[in-house]
Amino acid sequence: ITLLSRLAFNRKVSVEKVPVQGIREVAVEDIEIGLEHGYVMKLLGLSEFDGKELEISVEPTFLPQTHQLAAVHDAMNAVFVNGNAVEETMFYGPGAGSLETASAIVSDVMEIAEFGFVPNRIPKEAATITDEFTRHPYYVRFNEEKENAQKTLADLKLEYDVFEGNHAFTIQTNPLAAKEKEALLEKADVAAIYRITREDK
């Protein structure tokens with residue numbers, strides 16, 4: 001996602017500054033609750049640029065089961081792009097393996113042999129990384145009693161939909177700013193929280 005962001009937005013992006021959350025802490029319970037309510041969890045590299053600042057991360061994310069990325073399985077990879085002019089496009093194919101890696105390396109070597117080193121492909125301006133210009137809905141499962149969680153949500157004036165079922169109190173929030181998410185994590189006993197990427201994003 002760092003390399004793709006450099007190419008797409010012509011900005012230097014430091015790998016060390018990209019927030020990363022892996023799948024080690026993902027509970028089967030959350031995957032199952034998501035499936036019951038029409039969502040699939042995928043580990044996504046996410047990047048969005050507003051012309052000045054960049055929001056970028058790698059994290060487990062819930063997608064609607066009808067989303068194109070929800071159908072990417074096993075060793076296959078995909079790059080999903082939402083552009084101003086082209087809107088939604090997806091590039092799909094094998095993500096790893098001896099032949100796939102060799103093909104990419106040979107392609108790079110041939111391009112260098114033909115065109116040489118091209119300095120203007122290296123961005124000159126560093127990206128300003130932030131999480132303050134976007135809002136996202138979140139899947140939230142609480143450790144605490146439903147009534148306590150609802151009081152906290154009311155105090156924070158957060159709107160949400162409840163995921164009904166035989167499990168701990170779980171909701172989908174309306175789109176939250178980063179500060180609203182941080183306030184929820186500070187005030188409530190949260191067992192799990194994951195970003196939700198909707199069809200219209």
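Residues numbered from 1 in each chain as written. Predicted model: local features only at pLDDT ≥ 70, side-chain atom pairs only at ≥ 80, totals over all residues. Heavy atoms only, no water.

*Asks:* What am I meant to see in helix 4 (residues 146-155) here?
*Replies:* Along an α-helix, residues three or four positions apart point the same way, because every turn accommodates 3.6 residues. Burial in helix 4 covers these residues: Ala 149, Thr 152 and Leu 153. The arc that holds the buried residues of helix 4, viewed along the axis, is 100°, so those residues lie on one side. With respect to the buried face of helix 4, the exposed residues turned more than 90 degrees away are Glu 147, Lys 151, Ala 154 and Asp 155. In this structure, the buried side of helix 4 is in contact with strand 6 (138-142), strand 7 (160-162), strand 8 (170-173) and helix 5 (178-187). (Buried < 20%, exposed > 50% of the residue type's maximum accessible area, 1.4 Å probe, protein only. Helix = DSSP H or I, 4+ residues; strand = E, 2+ residues; numbered from the N terminus. Arc of directions from axis to C-beta. Contact = heavy atoms within 4.5 Å.)

*Asks:* What should I look at first to understand the pattern of salt bridges in this one?
*Replies:* Any two side chains of opposite charge can pair, so long as their charged atoms come close to each other. Counted according to the given criterion, the structure contains 5 salt bridges. Put simply, Glu 180 and Arg 135 hold a salt bridge, and the shortest N to O gap is 3.0 Å. On the criterion of sequence distance, the pair formed by Glu 180 in helix 5 and Arg 135 in the loop between strand 5 (128-129) and strand 6 is long-range, its members being 45 residues apart. Taken together, the salt bridges that share partners define one network made up of Glu 29, Asp 30 and Arg 141. (Salt bridge = Lys/Arg side-chain N within 4 Å of Asp/Glu carboxyl O.)

*Asks:* Which parts of the structure should I look at to understand the nonpolar core?
*Replies:* For soluble globular proteins, nonpolar side chains are generally found buried alongside one another. Residues Val 140, Phe 142, Leu 153, Phe 169, Ile 171, Leu 184 and Val 190 are the most contacted members of the largest nonpolar core, which totals 13 residues. Looking at this core, the elements with two or more residues in it are strand 6, helix 4 and strand 9 (190-196). For this core, the leading source of residues is strand 6, giving 3 residues. Here Leu 153 is in contact with Phe 142, Leu 158, Tyr 160, Phe 169, Ile 171 and Leu 184, once residues within four sequence places are set aside. (Core = buried A, V, L, I, M, F, W, Y, C linked by side-chain atoms within 4.5 Å.)

*Asks:* How should I be thinking about unusual backbone geometry in this particular structure?
*Replies:* Excluding glycine, a negative phi dihedral is what most residues carry, and trans is how most peptide bonds are arranged. In the Ramachandran plot, Asn 10 falls in the positive-phi region, its phi being about 55° despite a non-glycine side chain. Along the polypeptide, Asn 10 turns up in the loop between helix 1 (2-9) and helix 2 (28-36). Of note, the phi angle at Lys 157 is positive, near 60°, even though the residue is not glycine. Residue placement: Lys 157 occurs in the loop between helix 4 and strand 7.

*Asks:* What am I meant to see in the pairing of strand 9 here?
*Replies:* On any regular strand, side chains alternate: one points to one face of the sheet, the next to the other face. Within strand 9, 6 of the 7 residues are buried, which leaves it mostly tucked inside the rest of the structure. Direction of pairing for strand 2 (residues 53-64) relative to strand 9: parallel, over a ladder of 2 bridges. In the strand pairing of strand 9, Phe 62 is matched with Ile 196. Note: strand 6 against strand 9, 5 bridges, orientation antiparallel. (Pairing = 2+ DSSP bridges.)

*Asks:* Can you walk me through the environment of Tyr 139 in this structure?
*Replies:* With respect to the helices and strands, the residue Tyr 139 is situated in strand 6. A sequence separation of 52 residues divides Tyr 139 from Ala 191, and the C-alpha atoms of the two residues are 11 Å apart. Setting aside chain neighbours within four positions, we find Tyr 139 in contact with Asp 30, Ile 33, Phe 62, Phe 163, Thr 170, Ile 171, Ala 192, Ile 193, Tyr 194 and Ile 196. One polar contact links Tyr 139 to Asp 30, side chain to side chain, over a distance of 2.6 Å. (Polar contact = N/O pair within 3.5 Å; in protein donor to acceptor, adjacent residues only side chain to side chain.)

*Asks:* Explain a nonpolar patch on the surface to me, please; I cannot follow it from the model alone.
*Replies:* There is a patch of nonpolar side chains on the surface, built from Ile 1, Leu 4, Leu 7, Val 79, Val 81 and Phe 91 and spanning about 520 Å² of accessible area. When residues of the nonpolar patch are traced back to their parent elements, those giving at least two are helix 1 and strand 3 (76-83). Summarising the element assignment, Leu 4 is placed in helix 1. What makes Leu 4 partly exposed here is its relative accessible area of 42%. (Patch = residues over 30% accessible without salt bridge, like charges linked within 9 Å, V, L, I, M, F, W, Y side chains within 5 Å. Areas by Shrake-Rupley, 256 points an atom, 1.4 Å probe, with all protein chains shown as cover.)

*Asks:* Can you help me understand helix 2 in this one?
*Replies:* If you check which residues of helix 2 are buried, you get Asp 30, Ile 33 and Gly 34. What you see down the axis of helix 2 is that its buried residues fit within an arc of 100°, all on one side. Of the exposed residues in helix 2, those oriented more than 90 degrees away from the buried face are Val 28 and Glu 36. Each element contacted by the buried residues of helix 2 is listed here: strand 1 (39-49), strand 2, strand 6, strand 8 and strand 9. Immediately beyond the C-terminal end of helix 2, within one or two residues, lies Gly 38, with a positive phi of roughly 90°.

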